[in-house]
Amino acid sequence: MKKSFLLIISFLWASGFAGANDKNDKLVISTWLKTAAHEVSFPVFYDVENTKGKTFEVQNLLEFEHINMKGHFPQEGKTLATINGTPLTWKGDFTDSNGYVFLDGKASDNHQVAYLAAYIWADEWINTNLEIKSPHMLRAWLNGEMIGTKNSTEEDEGTVGRVSKDLKLERGKHLLVIKTLKPADAPLDWKVMANLEIKDPWNISALDVSLSPVNRKNIHHILDGVKISGIEPSHDGKYYSVSFSRSLPPSDQSERWTEIRRTDDRKLMHSFRHAQVSRMNWLPNSNRISYVNTRGGKATLFLHDIESGVITELMDEMENFSGYTWAPDESFIIYMLHEEGSSTDTDIHRVIGMQDRQGHFRHRSFLYQFDIESGIYKRLTFGNLTTSLQDISPDSRRILFSQSYPDYTERPFSKQNMFILNLDNQTLDTLWIDEPRGVRARFSPDGNYLLATGGPSSFDDAGLNVPEGTIPNNSDTQAFIYNLQDGSVNAITRDFDPSVVSVYWHKPDNMVYIVTVDEDFRRLYGYDVRRNRISLVDLELDYISSASFADNSRMAIISASQTNEPSRHYALNLRNMRKSVLEDTEAEIYKHIEFGEMKNWDFTASTGVEVKGRVYYPPDFDAENKYPVIVYYYAGTTPVGRTFGGRYPFNLWAGSGYIVYVLQPSGATGFGQEFSAAHVNNWGTTVADEIIEGTKKFLDSHPYTKADKVGCAGASYGGFMTMLLMTRTDIFAAAISHAGISSISSYWGEGYWGYAYSSEASAESYPWNNHDLYVGQSPLFHADKIVTPLLLLTGDSDTNVPPGESIQLYTALKILDRPVELVMVKDQDHHILAYNKRKQWHNVIMAWWDKYLKDQTKWWEDQFPEKNY
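Here the structure is a predicted model, which means the values were calculated and not measured.

Calculation rules
Residues numbered from 1 in each chain as written. Predicted model: local features only at pLDDT ≥ 70, side-chain atom pairs only at ≥ 80, totals over all residues. Heavy atoms only, no water. Helix = DSSP H or I, 4+ residues; strand = E, 2+ residues; numbered from the N terminus. Rg over C-alpha atoms; globule rule 2.2 N^0.38 Å. Buried < 20%, exposed > 50% of the residue type's maximum accessible area, 1.4 Å probe, protein only. Lys, Arg positive; Asp, Glu negative; His and termini not counted. Charge placed at Lys NZ, Arg CZ, Asp CG, Glu CD. Pairing = 2+ DSSP bridges. Phe/Tyr/Trp six-rings, centres within 6.5 Å; stacked < 30°, edge-to-face > 60°. Lys NZ or Arg CZ within 6 Å of the ring centre and 35° of its normal. 1 Å grid on protein atoms, 1.4 Å probe; cavity = no way out; pocket = protein on both sides within 12 Å on 5 of 7 lines; lining within 4 Å. Points joined across faces, edges and corners; volume = space filled by probe spheres on them. Nonpolar A, V, L, I, M, F, W, Y, C, P; charged D, E, K, R; others polar. Salt bridge = Lys/Arg side-chain N within 4 Å of Asp/Glu carboxyl O. Axes fitted to C-alpha atoms, helices over the stretch in contact; angles between N-to-C directions. Patch = residues over 30% accessible without salt bridge, like charges linked within 9 Å, V, L, I, M, F, W, Y side chains within 5 Å. Areas by Shrake-Rupley, 256 points an atom, 1.4 Å probe, with all protein chains shown as cover. Core = buried A, V, L, I, M, F, W, Y, C linked by side-chain atoms within 4.5 Å. Contact = heavy atoms within 4.5 Å. Expected span 1.5 Å × (residues − 1). pLDDT = per-residue confidence, 0-100.

Trainee: Report on the overall build of the chain, specifying residues and quantitative values.
Mentor: Each helix and strand in the chain was counted, giving 15 helices and 52 strands. Taking 2.2 N^0.38 as the reference for a compact globule, 869 residues should give roughly 29 Å; the C-alpha atoms of the chain span a radius of gyration of 31 Å, in line with that estimate. Overall, the C-alpha framework of the chain stretches about 95 × 70 × 60 Å when taken along its three principal axes. By the burial criterion, 54% of the 869 residues in the chain qualify as buried. Here the chain holds 86 positive side-chain charges and 112 negative ones, and the gap between their average locations is 2 Å.

If you want it as structure tokens, here you go:
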């Protein structure tokens, strides 16, 4: 961020032309935003003692919040509030030669209050001391947190009081707000001054002051504010439900609620805020919505008519209730009840298979029917296997359901049974039994077909499109149409490179809409059933997170973000494919945030493989300067999507002064089945070389990068890739592995899903028949080759990639005396989700980058001070 002329002036005032590296320089805040003064008065009975024996005093006026400034960002010309007809509008002002800014008070017999504000920019993490002086009362906040109060008013210039606060500022802008009160009889001028002490080893260039709220993205933008967690249209698209969430810092708690709005004008029809409701579903043919209220472990199902406001209780106090689905004709509900299995929480228990390590394995769920008109309940399924509802037929006469069970003798170690139950006569039609490639399926609008999704090998390899002898990647999801009359299968996406995320067969236009992973985009496609043709629905959106369709209207709601724009939620007219914004809650959060450019950068590897990539630049990027670089990859079975947020926010990293290069090595879905099949039995054999080659080519072709200040990072499979890269190259100055796999065999055997994931990633390969993979590609067995500083991060309760994977590599590197750090996050699983722990985890990552890529060590040292153990 460019330094202002005001900063130079304040530096001269503060340090008396001292050199920039002199210790204990002071930066005077020499430019302020300020409001006009407004009068404040005592309440009635101010002179009557309260229950604590105290009367109301002037300092109580200071402490009382006359104006709620939460979420307010001062700006020149912006009005804070209007009091007694007087607008408190922010205006800029300079300090005098002594560093004081003067408030615009007026002759009055009443006490007066005014506000000051300034933005402090920290160019790096810095420990500084803020000192505020005034002969009058004041209270100060930094980023909304109160940092000090001065309750005294002086009558002598020589005894001016002050507020002093030691601050630890992360990189970015910090809003300082001061509320100051001048008593009616105070003789001294109404003035305030503030300065920041520049401690060793920092210099004056680390801080700046401005009057603009324009900032860079930080962790609070990601975690704080109102977010949308779900949005669904009613059957005709006239209304929609939108679910919100909001963190409640400093706790780890959050608030969640749902509202019903009218689509045409977003008018609020009903709010469920503060209501204890869940499992909300629109009915398929009317503008009614159902939901569950749970008390004492018992669920009651309600039906709410949005237009009349009538609420009807349908099912009362259901124990072990776990979900429900409406029949298309709204005459009944299929619901699920959960049955507890035998407990494994005993001192000694026998494990009856790998899945039995998971607490829920012995529990079962079964299907029941509730008839709305008669109020009759009926049990539909029983047995030793959970029955899962897939769909209800459009004529409401049949249900499609499945069973699945483990089979540890055949890859992929689970099998599926699929049935259709005729509800009129309880006859059962078996579609398939013991199918190793299970699918998800729904009825077509006419009930004659199933629309199913599964891997290429589903339906006896019907979706397979790889060279002969190549093992497919069954994470590359395909879409199929299954004919219920003759059992024939049409693999509609077999020759279609994007991978399927979700599908919906839309009755009003008889189109199948497909949300896809399309390279590193998420896009919407339409499959014309009559013409057997797939075409792009070009919405000019980078990353579609969800698409919800109105059952009986040519309307959908699309939730999507751009690479450098937060999520928005659109109403999509399926007749002309025009979209309009329905909800844009994050616009408020990011209204003052600036982003740098994002550009595509691809290269062709020496093997001939084209590797896609993209680059994020700092907002103030200058090609004449040199920048440290962060290289990010997943390198597993899915690409790193162009999502705006995520746990690894590239635009935040770029806003912190890094160039971020994200690449998609071979093996990812979304590029065609042959490309994704490269993931199988690879475990970095070729992918590591692609990352190394790509990094070198990227640095060579971008002269503004610092080749000696390049970091790399990945998580889960990407964490494994980080570990492996460290055994293959020393081109990186630092590396981060979150939940990485150091030994493929121990992950395969110990992780809850290790053997299941490996059934695809290591197809037909096991520790006893493929030593080259399980040992040769495991970083632990090559730890002696690691010389790069490596940060190992893990949740200490990770059941996916157990923390032992990080611990054992840490052990090896400590014995080898290599630069390594292990940071474990208490009570967190594979993802760090708790609010405060997520912030701390994020700060550890940023401090590691700063330490090794910017030679700024203080943030890391502050988090982890050396102890003499």
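Moving on from the model shown.
Trainee: Summarise the pairing of strand 24 (residues 321-326); cite the residues concerned and give the values.
Mentor: The sheet contact formed by strand 24 and strand 25 (residues 332-339) spans five bridges and is antiparallel. Bridge pairing links W326 to I333 in strand 25.

Trainee: Now, about the packing of aromatic side chains: what can you tell me, with residues and values included?
Mentor: The full count for this structure, using the stated rule, is 56 aromatic pairs. Note on F321 and Y324: the rings are 6.1 Å apart at their centroids and 35° apart in plane angle, and the pair reads as tilted. Note on Y324: relative accessible area 6%, which makes it buried. One aromatic cluster is present, formed by Y616, Y632, Y633, Y648, F650, W653, W841 and W849 through successive ring pairs. For the cation-ring pair, K191 lies above Y100, with the distance from its terminal atom to the ring centre recorded as 4.5 Å. Taking the ring centre of F521 as reference, the NZ or CZ of R523 above it sits at 3.9 Å.

Trainee: Explain empty space enclosed by the protein residue by residue, including any values.
Mentor: One pass over the structure, following the stated rule, counts four cavities of 30 Å³ or more. Of the pockets and cavities examined, the largest cavity occupies roughly 40 Å³. Lining the largest cavity, in full, are N564, F595, G596, E597, Y616, Y617, P619, N651, A654 and G655. Considered class by class, the residues forming the lining of the largest cavity number five nonpolar, four polar and one charged.

Trainee: Residue-level account of the pattern of salt bridges, with values.
Mentor: The full count for this structure, using the stated rule, is 47 salt bridges. K91 is the salt-bridge partner of D104, the closest N and O atoms lying 3.1 Å from each other. Note that D104 is positioned in the loop between strand 7 (101-102) and strand 8 (111-122) and K91 in strand 6 (residues 91-94), a separation of 13 residues in sequence. For D104, a relative accessible area of 35% translates into the label partly exposed. The partner of R642 in a salt bridge is D520, and the shortest N-O contact between them spans 3.0 Å.

Trainee: Lay out the sheet that holds strand 32 (residues 440-443) in plain terms, naming residues and giving numbers.
Mentor: Taken in spatial order, the four strands of this open sheet run 32-33-34-35, and their pairing is antiparallel. The open sheet is flanked by strand 32 and strand 35 (489-491), the only strands paired with a single partner. Recorded for the sheet is a direction-independent mean angle of 25° between the axes of neighbouring strands. In the sheet, strand 32 pairs with strand 33 (residues 449-454) via four bridges, with the strands oriented antiparallel. Within strand 33, the position partnered with R442 by the bridge is L451.

Trainee: Explain helix 11 (residues 754-761) to me, using residue names and the numbers behind them.
Mentor: Of all the eight residues making up helix 11, six are buried; the element is thus mostly covered by neighbouring parts of the structure. Every buried residue of helix 11 is accounted for by G754, Y755, S758, S759, E760 and A761.

Trainee: Could you give me a rundown of unusual backbone geometry, with the residues and numbers involved?
Mentor: Across the junction of P249 and P250, the peptide omega takes the value 10°, indicating a cis bond. A cis amide bond, omega 10°, links R411 with the succeeding residue P412. Relative to the helices and strands, P412 resides in the loop between strand 29 (398-406) and strand 30 (414-422). The backbone phi angle of H274 is positive, close to 70°, even though this residue is not glycine. Relative to the helices and strands, H274 resides in the loop between strand 19 (268-271) and strand 20 (277-282). Residue classification places H274 among the exposed residues on the basis of a relative accessible area of 69%. Even without being glycine, N532 reaches a positive phi, approximately 55°. As for its placement among the helices and strands, N532 is situated in the loop between strand 38 (521-528) and strand 39 (533-537). Look at N532 and you get partly exposed, because its relative accessible area is 47%.

Trainee: Before we move on, can you summarise the pairing of strand 31 (residues 428-435) with the specific residues and values?
Mentor: Sheet topology note: the strand 30/strand 31 ladder contains five bridges and is antiparallel. Bridge assignment links M418 to a residue of strand 31, and that residue is W432. Between strand 30 and strand 31, which pair antiparallel in sequence order, lie five residues; one of them, Q426, sits at a positive phi of approximately 65°.

Trainee: Account for the sheet that holds strand 29, with residues named and values stated.
Mentor: In a beta sheet, neighbouring strands pair by backbone hydrogen bonds and run either parallel or antiparallel. Spatial strand order, 28-29-30-31: four strands in an open sheet with antiparallel pairing. The outermost strands of the open sheet, each flanked by one partner alone, are strand 28 (388-392) and strand 31. Strand-to-strand twist of the sheet, defined as the mean angle between neighbouring strand axes without regard to direction, takes the value 15°.

Trainee: Outline a nonpolar patch on the surface, listing residues and values.
Mentor: Nonpolar side chains collect at one region of the surface, where V44, F45 and V48 lie side by side and expose about 360 Å² of accessible area between them. Mapped onto the secondary structure, V44 falls in the loop between strand 3 (38-40) and helix 2 (58-63). Its relative accessible area of 68% is what places V44 among the exposed residues.

Trainee: Go over the nonpolar core with me, naming the residues and quoting the values.
Mentor: Counting 124 residues, the largest nonpolar core has L176, W653, M721 and W849 as the members making the most contacts within it. Considering each element in turn, this core owes the most residues, nine residues, to helix 14 (residues 835-853). In this structure W849 touches I630, W653, Y658, G711, C712, A713, A734, I736 and K854, once residues within four positions along its chain are discounted. Among the nonpolar cores identified, the runner-up in size contains 21 residues, and L61, M69, V177 and L181 belong to it.

Trainee: Describe helix 8 (residues 687-701), naming the residues involved and giving the relevant values.
Mentor: Helix length check: helix 8 (15 residues) gives 21 Å between terminal C-alpha atoms against 21 Å at 1.5 Å per residue, within 8%. Among the residues of helix 8, those classed as buried are V687, A688, E690, I691, I692, E693, G694, T695, F698 and L699. Buried residues along helix 8 sit in contact with strand 45 (603-604), strand 46 (610-616), strand 47 (627-632), strand 48 (659-664), strand 49 (705-715) and helix 9 (717-726).

Trainee: An account of the environment of V209 is requested, with residue identities and associated values reported.
Mentor: Here V209 shows up in strand 15 (residues 207-210). With 559 residues separating them in the primary sequence, V209 and W768 have C-alpha atoms 64 Å apart.

Trainee: Quick rundown of the confidence of the model for the chain? Include the residues and the values.
Mentor: Across the chain, the average pLDDT comes to 94, with 97% of residues at 70 or higher. Contacts for the low-pLDDT stretch residues 1-22, under 50 throughout, to residues beyond four places or in other chains number 46 contacts.

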